[in-house]
Amino acid sequence: MTEGKAVKVALLGCGTVGSEVARLLTEQADELAARAGAPVELAGIAVRRPGKHPELPQHLLTSDAAGLVESDVDVVVELIGGIEPVRGWLLAALRKGKSVVTANKALLSEYSAELSEAADSAGADLYFEAAVAGAIPLLRPLRESLAGDRITKVMGIVNGTTNFILSAMDSTGAGYAETLEEASRLGYAEADPTADVDGYDAAAKAAILASLAFHSRVTASDVHREGIGEVSSFDIAAAKALGRTVKLLAICERVTADDGTESVSARVHPVMIPRGHPLASVGGAFNAVFVEADAAGELMFYGQGAGGAPTASAVLGDLVAVARNRVLGGRGPRESAHAALPVRPMGQTPTRYHVSLDVADRPGVLAQVAHVFAAHDVSIAAVRQRDRTSTASLVIVTHLAPDAALEATVEEIGKMDVVHEVVSVMRVEGEDQ
Ligand SMILES: NC(=O)C1=CN([C@@H]2O[C@H](COP(=O)(O)OP(=O)(O)OC[C@H]3O[C@@H](n4cnc5c(N)ncnc54)[C@H](O)[C@@H]3O)[C@@H](O)[C@H]2O)C=CC1
Ligand SMILES: N[C@@H](CC=O)C(=O)O
Ligand code: NA
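Residues numbered from 1 in each chain as written. Chains lettered and ligands numbered in written order. Predicted model: local features only at pLDDT ≥ 70, side-chain atom pairs only at ≥ 80, totals over all residues. Heavy atoms only, no water.

As recorded by an unreviewed UniProt entry, the chain carries the name Homoserine dehydrogenase and is attributed to Amycolatopsis pigmentata. According to UniProt, the comment filed for the chain under the heading Sequence similarities (unreviewed entry) is "Belongs to the homoserine dehydrogenase family." (UniProt positions renumbered as here; feature names shortened; annotations may be inferred.)

A. Geometry of the coordination of the sodium ion (ligand 3). The protein atoms that coordinate the sodium ion (ligand 3) are Glu129 (O), Glu129 (OE), Val132 (O), Gly134 (O) and Ile136 (O), at distances spanning 2.4 to 2.7 Å. One chain supplies every donor for the sodium ion (ligand 3), spaced along it as E-x2-V-x1-G-x1-I. Val132 sits in the buried class, given a relative accessible area of 0%. (Donors = N, O, S within 2.8 Å, 3.2 Å for Na, K, Ca; no water. Buried < 20%, exposed > 50% of the residue type's maximum accessible area, 1.4 Å probe, protein only.)

B. Region of the structure containing the confidence of the model for the chain. Mean pLDDT for the chain: 95, with 99% of residues reaching 70 or above. Confidence estimates for the predicted assembly give a pTM of 0.97 and an ipTM of 0.99. (pLDDT = per-residue confidence, 0-100.)

C. Structural context of helix α13 (residues 365-375). Among all positions of α13, only Val365, Val369, Val372 and Phe373 are buried. The buried side chains of α13 occupy one side of the element, clustering within an arc of 100° when seen end-on. Of the residues in α13, the exposed ones pointing more than 90 degrees away from the buried face are Ala367, His371, Ala374 and Ala375. On its buried face, α13 sits against β14 (353-360), β15 (380-387), β16 (391-398), α14 (403-414) and β18 (419-428). Phi turns positive, to about 65°, at Asp377, one or two residues after α13. (Helix = DSSP H or I, 4+ residues; strand = E, 2+ residues; numbered from the N terminus. Arc of directions from axis to C-beta. Contact = heavy atoms within 4.5 Å.)

D. Representation of the packing of aromatic side chains within the structure. Counting across every chain of the model gives two aromatic pairs. Ring geometry for Phe164 against Tyr188: centres 5.5 Å apart, planes inclined by 70°, an arrangement best described as edge-to-face. Within this pair, whereas Phe164 is found in helix α7 (residues 160-171), its partner Tyr188 is found in the loop between α8 (176-185) and α9 (194-197), the two being separated by 24 residues in sequence. Given a relative accessible area of 15%, Phe164 falls into the buried group. An angle of 15° between the planes, with centres 5.3 Å apart, marks the rings of Phe286 and Tyr302 as stacked. Highlighted residues: Phe286 in strand β11 (residues 286-293) and Tyr302 in strand β12 (residues 297-304), separated in sequence by 16 residues. Take Tyr302: its relative accessible area is 48%, and that puts it in the partly exposed class. Here the guanidinium or amino end of Arg143 rests over the ring plane of Tyr127, the centre of that ring lying 5.9 Å away. For the cation-ring pair, Arg225 lies above Tyr200, with the distance from its terminal atom to the ring centre recorded as 3.8 Å. (Phe/Tyr/Trp six-rings, centres within 6.5 Å; stacked < 30°, edge-to-face > 60°. Lys NZ or Arg CZ within 6 Å of the ring centre and 35° of its normal.)

E. Examining the site of ligand 2 more closely. The environment of ligand 2 is made up of 13 residues, and the closest members are Lys105, Gly160, Thr161, Tyr188 and Lys205. A distance of 3.5 Å separates an oxygen atom of ligand 2 from a polar atom in the side chain of Asn159. Within the backbone of Gly160, an N or O atom sits 2.7 Å from an oxygen atom of ligand 2. Relative to its unbound accessible area of 250 Å², ligand 2 is 94% covered by the protein chains. (Near = heavy atom within 4 Å. Polar contact = N/O pair within 3.5 Å; in protein donor to acceptor, adjacent residues only side chain to side chain. Areas by Shrake-Rupley, 256 points an atom, 1.4 Å probe, with all protein chains shown as cover.)

What follows is the structure, given as structure tokens:
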């Protein structure tokens, strides 16, 4: 039965994701209506140039997004991206009590608090499942299913484009530039793909994940960020030689200090993980995220993290949810930031390093290098040495130590006479400490 009054939807943006949302909304209109309890009606589509969309119902097209938001619509689905002018439109919609569904992680990772406050004061819904890990139901489990548990860690691959590039570099040795071009062609990359390769997109997602997991306000600028620009084919080969692979991970942790005070660490950077680790086999644009919680233990979420149709699936799930809330008169979960945990600086965050060096092949060099680690209070977990003609290759993997201590150790080692080259430095995850 779909007897309720139609829920009118404004769609802002009709690119990779928006065009799939428009298609599915039209093709599955009857089923969506049955699930929502009322017809979910596309009332208008804001595009930049209406003349360029012969495939869309012409009477719905407008170039006036602000006007469409102001019109008689119940829900605004935003799939344009970026901060302004979108932020102003969504605030205006929420303040008028219209629900908002968005996939815009760049906006949410900076202005979530402002948008949530606008939603709360007007009693509107703000849903954004598509903003992190595309099709994978991840934010709703964090906001709802795990609301009774205490999450300690969220770690995973949250950027499809960089995973697509790293997977290709690892498996076929394909070049960086050509693989990035293909990721753009397939609709995985952001409009400006530097957001992907420099880690901004993953950092925005880490901020959203940390905020939800730890009931605190974490913004993109709180997240330590390194992209994949520095990952060389040598790093990939060094990882392979050690039975590891390189992935760009978002890692959000609840850190408890000796005095019992808690903080949040949120970071995005390339890491080496063992090839047997479940994240190592996540290829292409797929995403996978581990969540650790006190009572639930370890959970893994896996699926397509980018692309038009997969992302549209998450958008439509949100759309049905907000439509249902309107039909039944309820609301989805509000922002939960009661814990207000501070963010721990990266330098104080415990990490482990893999360091690969070319050193002089003579007695005592290993001891000299080990001395520098010890001087910085960094304990060594494993050492591998291979002799060449006049140099030796030295691979060192550390135990956990504050990231600043590890960084200082590597800097000092790089200045030693016996060290010809620091060939590769990368953090290590997913193995015994
Ligand atoms: N492509 C993907 O795999 C995913 C994208 N997202 C997010 O979804 C959003 C949309 O992404 P895509 O569809 O990939 O981007 P896109 O660049 O393909 O589409 C955006 C569309 O918005 C239009 N647009 C720009 N300014 C406009 C304006 N003032 N009025 C009306 N239309 C305007 C553009 O012409 C373009 O067609 C972004 O926030 C992105 O970060 C989230 C998850 C996955
Ligand atoms: N550009 C993003 C799209 C999905 O969020 C990615 O590559 O993951
Ligand atoms: Na998702």
